[in-house]
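Topology and contacts: notes
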Amino acid sequence: MIEVREVGQRAAGGRRTLREVSLSIGAGELVAIIGGSGAGKTTLLDAIAGVRPPAEGEVRYDGGAAGPAAGSLGYVPQDDIVHLEMPLRRTLRYAAGLRLPAGTPPERAERAVDGVLEALALTARAGQRVGSLSGGERKRASIAVEMLTRPRVFFLDEPTSGLDPATSADLMRLLRGLADSGTTVVITTHHPPDVLVCDRVAILAQDGRLVFYGAPDEARERFQADRIEDIYLRLAEGESHEWTGRFGARGRGAPPAPASAPASAPASASASASASASASASASGPETGPAVTAFRQWALLTRRNLDLITRNRLTLAVLLGSPLMVLAMFAVLFRPGAFSPESPSPAATVMILFWIAFGGFFFGLTYGLPQICGELPVLRRERLTGLRIAPYVLAKATVLLPLLAVVDALVLGVLRVLDRLPAAGWGTYGELFVTLLLCSLAALALGLLVSAAVTDPAQATMALPMLCFPQVLFVGAILPVPVMAAPGRWLSCAMSNRWAFEGLGHSLGVERLWASGRSPLGPPLLASYGDTFSRSPAVDWALLGGFTALFLAGACLVLTRRT
């Protein structure tokens, strides 16, 4: 049983979005929250579910608890909370690994997956990619993820939005079956036929006040409406305080007398199967036990990320194809022998070093930018099940770092074979590789930070040039840092690419090369760079490592606030 007492909520600017909402939801009831757009339906749902605790009032479970027992709550937002790239069964296996208690035997987790697939009539679709399922099947897939822990209460935000009438009716029969089996179900909806299947309906006015709470038939009677959709017209005809006064205590949410399930919810074969399966699951209660450790979360998320990347052909093509295109451009752009001690080309060596460093930065940034923003709905839901942010962010870096290492090694190897880089020992090229890899890792961390801050992949794409231009202008290749204006010199310190550029130059000994060469550009160019290349690469590595740690910590902080 859920008691909502004088709950109020405020938006970011202080505007009240809910006002003194009180109602009681009985165990095993199916309750709909309706109202016009902007009335606060999702806000109320989130407040009851604990997704966003109310600013005023309180929500109590089972007569006293401030929240449901661990693992006993299921929450399905409007967005899909399943990855579209993977087969349904594999998606549920990963979800089970994150949600079921630590130490759950693999065979028991597999039985849980089989059980929810059967309960939601998705067994025949288990091997299909989630993205190829119909809208109704994807919604059932999201519900399946939540049913793995046998929740006692389900919250769904507009579950029938975007579905055709037949699919909507089938989904509502499924929810009716869950409620009949003992699971408390609360939904928001804009679809009037959904309300007829419910035991209770909570009606919100435009200013966030609860103006009615009771049975759907009684709501039509009170609003003098022939149909549920006519209630919206009645709400538009008067202010919320008029409706509140007209309905008295019932409008304020005093709990109505118990009622049986409406006769307008016929049980289909699939709904009956769902109800019986849910009843058997609910009989043993929600899954409880020790939480999954941070290390296990990291390991599981790393495997899932690798699975997602290898199954998304477009992503894989971009990850593998972009380095090859950049390498081809480098081969065409640079002439051989620029580092020859007999006739060095100082201007060319500067550009080669810079573009190698920028290539490492670009690869890391573009790999990191799309990683988080596209799966924020999944992350938000998994956070409610106990997922830690640090393992999540580190798993992203763990999967991409080996790929960046291969790409960076390929860049150095191909440029050496083509004589765009000088002959040198393994020690020198080992230093170059470490510098370039740390440059890529810092850029990857920056990409993850930006991906955590934006809301969709389009915004991440728009951020790409804004992040790249400063790394071109203030690194010190086009204009040496010592001859920059003072603000430019300070700004250059914040460019991770600068330290990679300078580290590469020290490892290849450009100071000695320019000073000993016969090119007239050597000494003047060397003088303009001052002591730019005089530091040990270990100093540059420490700075690049610091940037990486700073950006990863920033990504964790941003995601903690957003989820």
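Let us look at the structure shown here.

To continue, consider the packing of aromatic side chains. Scanning all chains against the criterion turns up 11 aromatic pairs. Note on F212 and F223: the rings are 6.4 Å apart at their centroids and 75° apart in plane angle, and the pair reads as edge-to-face. Here F212, found in strand β9 (residues 210-214), pairs with F223, found in the loop between α7 (216-222) and α8 (228-237); they are 11 residues apart in sequence, far enough to count as distant. Since its relative accessible area comes to 1%, F223 is described here as buried. Every member of this aromatic cluster is reached through a ring pair, and the members are F354, W355, F358, F361 and F362.

What follows concerns the layout of surface pockets. Taken as a whole, the largest pocket holds about 800 Å³ of empty space. Elements with a contribution of two residues or more to the lining of the largest pocket: α11 (294-311), α12 (313-333), α13 (346-368), α14 (376-384) and α17 (457-473).

Moving on: the sheet that holds strand β8 (residues 200-204). Spatially, β5-β6-β7-β3-β8-β9 is the arrangement adopted by the six strands of the open sheet, whose pairing is mixed. The open sheet has two free edges, formed respectively by β5 (73-76) and β9, since each of these has just one partner strand. This sheet shows a mean twist of 10° between the axes of neighbouring strands, independent of strand direction. The pairing of strand β3 (residues 30-35) with β8 spans five bridges and is classified as parallel. Bridged to G35 within β8 is L204. Helix α5 (residues 165-180) contacts β3, β6 (153-157) and β7 (184-188) of the sheet and is inclined by roughly 150° relative to β7.

Moving on, we get to the side chain of R420. Along the polypeptide, R420 turns up in the loop between α15 (389-417) and α16 (426-453). Despite being buried, R420 has no salt bridge partner; D419 is the closest side chain of opposite charge, sitting 6.8 Å away. From its side chain, R420 meets the backbone oxygen of L418 in a polar contact 2.7 Å long. Excluding residues within four positions of it along the chain, R420 makes contact with A331, F334, R335, P336, F339, I352 and L415.

Analysis parameters
Residues numbered from 1 in each chain as written. Predicted model: local features only at pLDDT ≥ 70, side-chain atom pairs only at ≥ 80, totals over all residues. Heavy atoms only, no water. Phe/Tyr/Trp six-rings, centres within 6.5 Å; stacked < 30°, edge-to-face > 60°. Helix = DSSP H or I, 4+ residues; strand = E, 2+ residues; numbered from the N terminus. Buried < 20%, exposed > 50% of the residue type's maximum accessible area, 1.4 Å probe, protein only. 1 Å grid on protein atoms, 1.4 Å probe; cavity = no way out; pocket = protein on both sides within 12 Å on 5 of 7 lines; lining within 4 Å. Points joined across faces, edges and corners; volume = space filled by probe spheres on them. Pairing = 2+ DSSP bridges. Axes fitted to C-alpha atoms, helices over the stretch in contact; angles between N-to-C directions. Contact = heavy atoms within 4.5 Å. Lys, Arg positive; Asp, Glu negative; His and termini not counted. Salt bridge = Lys/Arg side-chain N within 4 Å of Asp/Glu carboxyl O. Polar contact = N/O pair within 3.5 Å; in protein donor to acceptor, adjacent residues only side chain to side chain.

Any functional reading would require information that these geometric values do not contain.
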